[in-house]
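Here's the letter readout for the chains.
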Amino acid sequence: MSLSLAGIIAVQIYWIVDSINGRNEQFSFAVRQSLVNVAKEIEDQEVEYYYRAVNRAIDSLDIAPNSMNMSSLLMRIRDANVDEAITYSNSIQGESYKLNAPILDIEMDSVMFTKLLNRRVKTIKRNTSLDGAPVNSEESYEKLNQWDMLSKKMFMESIADQSASLPITQRVTNKQVQELLSKELKERQLNSSFEFAIHQDNFPTRIQSANFDVDDYFTWGIPVFNSDSANNQSYKLLINLPGRQKFILSSVLGMAGLSLVFTLIIVIAYSSAISQLFQQRQISQIKTDFINNMTHEFKTPIATINLALDSLKHPKISSDPEKVANYLRMIREENKRMHSQVENVLRISKLEKNDLDIQKENLDLNDVLEDSISHIALILEQRGGSLHRHFGALRTTVLANESHLSNVFVNVLENAIKYTDESEAPVIDIYTENVRDKIVIKVRDQGIGMSKTAQRKVFQKFFREHTGNIHNVKGHGLGLAYAQRIVDDHHGDIYVESEKGQGSTFIINLPLIT
């Protein structure tokens, strides 16, 4: 199951990564196709501009396309559609175009002299509207295709020659590129912000958006004006999409999110199943220990009762009233012991079902403690132990059930005796003190103590910390679970402080009647 789950998770991760890579490739392909189409549209619009001008010239001159000098005609068209103004400023020529007299006194070579003579400012304005006529590339190319191959080739070569001499700003505008890119990206559903530029020989031109910056990951480029390559011109249309990663992730986020959610559900369900398996295994072990302990606890008194009954049948014993009374006392004590064990089990069962009828009354806690001590006095005496009282509490009145609260203290005191090494005499100290509106009872022993793990589990049902032999300490692991349930019902709390080999201290806090 673990290997299968790991495989499922690995497949899901691979699928998500593969989907992102696939979308990334699709995105790059779509962007490149958009650039190709935009570059082609820019070139087509330039061709269309010259074609319309040539077509008008052909119509006005009434000549065939293949019988004319395309370069000469295009040059005249260009001059007709370009406004040029040439001005001279601070030159060595006067207004009469004669040399100023002071210039003759300056020593200079012929190259510098030529530069000074040619110093001028040229302003060029392109009439792109062609007298306001609307642009229709499809109509223009339909007519252009009617020309013969030689005429079309001459026409395209002439355009390349003429356009190559123009600056990029006279061939295309920022607005034109912006609109074409927006339209193309929108048609391909690439709804992402973008920046653009046209570079010449890897150097930026004036055709670019305000925030364009070249980035290896976010920038794509495609050649534009390919026909200029023969004239040593190399233009490249670039686009930058900074929202690329966000766009790609958003496109797979839905399916990836569902996949991760379902995988997480499987992981949680699997973890829960594994946890339940371990819990069932633990419960099974606890049940086995409980049956073994219960069998051991019942086996000893039953054997004692059987021996006592067999002894009473013997004529010598049956005729001795003192021995008969002694065996009857043994039978009664062992029967009481078995009854006590059964009562412990029944009490826990009733606590779980909330069937215990706990009637509370005002009690002096010192009296309850003295009654509990009397119950374990005989056992403590048999072990040769001692118990020391340190009753420092001045206020001792609590609202409690005498029987159940006495059982709590008896269980704690019995544990203090049972979990003292058999080779040593038990030593128990009981402390009471007032802390605000509570009375604190501490039962300290000098026994074997318990580990940190045992301290966290000691109040769980059936839990017993084994010391090698499962029956070396009698009990079912129910006493402290019962004690905690009763203390909780009295709105108090119980916990333990212990160190291995240093003994344990059980601390019980109960609210006082104020």
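Values in this document were obtained by computation on a predicted structure and should not be read as measured data. (Residues numbered from 1 in each chain as written. Predicted model: local features only at pLDDT ≥ 70, side-chain atom pairs only at ≥ 80, totals over all residues. Heavy atoms only, no water.)

Draft legend 1. Representation of the overall build of the protein chain. If you tally the helices and strands in the protein chain, you get 13 helices and 13 strands. Taking all 514 residues of the protein chain together, 37% fall into the buried category. (Helix = DSSP H or I, 4+ residues; strand = E, 2+ residues; numbered from the N terminus. Buried < 20%, exposed > 50% of the residue type's maximum accessible area, 1.4 Å probe, protein only.)

Draft legend 2. A look at the pattern of salt bridges. Following the criterion strictly, the structure yields six salt bridges and no others. Residues R188 and E184 are paired through a salt bridge, measuring 3.3 Å at the closest nitrogen-oxygen approach. For E184, a relative accessible area of 12% corresponds to the buried category. Close ionic contact of D437 with R395 constitutes a salt bridge, the shortest N to O distance being 4.0 Å. A residue pair is termed long-range when its members are at least 10 positions apart, and D437 in the loop between β10 (427-435) and β11 (438-445) and R395 in the loop between β8 (386-391) and β9 (397-400) qualify at 42 residues. Taken together, the shared-partner salt bridges in this structure form one network comprising K360, R485 and D489. (Salt bridge = Lys/Arg side-chain N within 4 Å of Asp/Glu carboxyl O.)

Draft legend 3. The arrangement of the packing of helix α10 (residues 365-382) against helix α11 (residues 402-418) in detail. Look at α10 against α11: their axes get within 9 Å of each other, and the N-to-C directions meet at 40 degrees. By the criterion of interaxial angle, the relationship of α10 to α11 is oblique. Classified by chirality, the crossing of α11 by α10 is right-handed. Touching L365, V368, L369, D371, S372, I373, H375, I376, I379 and L380 of α10 are L405, S406, F409, V410, L413, E414 and I417, all from α11. Class assignment for the residues of the contact of α10 with α11 results in 12 nonpolar, three polar and two charged. (Axes fitted to C-alpha atoms, helices over the stretch in contact; angles between N-to-C directions. Parallel < 35°, antiparallel > 145°, perpendicular 65-115°, else oblique. Left-handed = near helix turned anticlockwise from the far one by under 90°. Contact = heavy atoms within 4.5 Å. Nonpolar A, V, L, I, M, F, W, Y, C, P; charged D, E, K, R; others polar.)

Draft legend 4. Just the packing of α11 against helix α13 (residues 479-489), in detail. Viewed as axis vectors pointing N to C, α11 and α13 meet at an angle of 145 degrees, and their least axial separation amounts to 9 Å. The chirality of how α11 crosses α13 is left-handed. Along the contact surface, α11 presents H404, L405, N407, V408, N411, V412 and N415, while α13 presents G479, L480, Y482, A483, I486 and V487. Its residues assigned to classes, the contact of α11 with α13 shows eight nonpolar, five polar and no charged.

Draft legend 5. Region of interest: the side chain of S28. Mapping S28 onto the fold places it in helix α1 (residues 2-61). Taking relative accessible area as the criterion, S28 reaches 8% and is therefore assigned buried.

Draft legend 6. Local environment of the confidence of the model for the protein chain. Of the residues in the protein chain, 71% have a pLDDT of 70 or more, and the chain-wide mean is 76. In the predicted structure, residues 79-135 sits below a pLDDT of 50 and forms 61 contacts with residues beyond four places in sequence or in another chain. (pLDDT = per-residue confidence, 0-100.)

Draft legend 7. Molecular detail of the environment of E424. With respect to the secondary-structure elements, E424 resides in the loop between α11 and β10. On a C-alpha basis, the gap between E424 and G447 in space is 8.8 Å, while along the polypeptide they are 23 residues apart. With sequence-adjacent residues up to four places away left out, E424 is seen in contact with R383 and Q446.

Draft legend 8. Molecular detail of α13. All buried positions along α13 are accounted for by L480, A481, Y482, A483, I486 and V487. H491 lies just past α13 and shows a positive phi near 60 degrees.

Draft legend 9. Representation of the nonpolar core within the structure. Ranked by internal contacts, the top residues of the largest apolar core, which has 40 residues, are L365, I428 and I441. What I428 contacts, discounting residues up to four positions off in sequence, is L380, S386, L387, H388, L413, A416, I417, V443 and R444. In terms of nonpolar packing, the next biggest core, distinct from the first, is built from 28 residues, F27, A30, I198 and I239 among them. (Core = buried A, V, L, I, M, F, W, Y, C linked by side-chain atoms within 4.5 Å.)

Draft legend 10. Expanded view of the sheet that holds strand β12 (residues 493-499). Taken in spatial order, the five strands make up an open sheet running β8-β10-β11-β13-β12, and their pairing is mixed. Looking at which strands have only one partner, the edges of the open sheet turn out to be β8 and β12. Going from strand to strand, the sheet's axes swing by 15 degrees on average, the running direction of each strand aside. Judged from the seven bridges that link them, β12 and strand β13 (residues 503-511) form a sheet pairing that is antiparallel. Across the sheet, E497 pairs through a bridge with T505, a residue of β13. (Pairing = 2+ DSSP bridges.)

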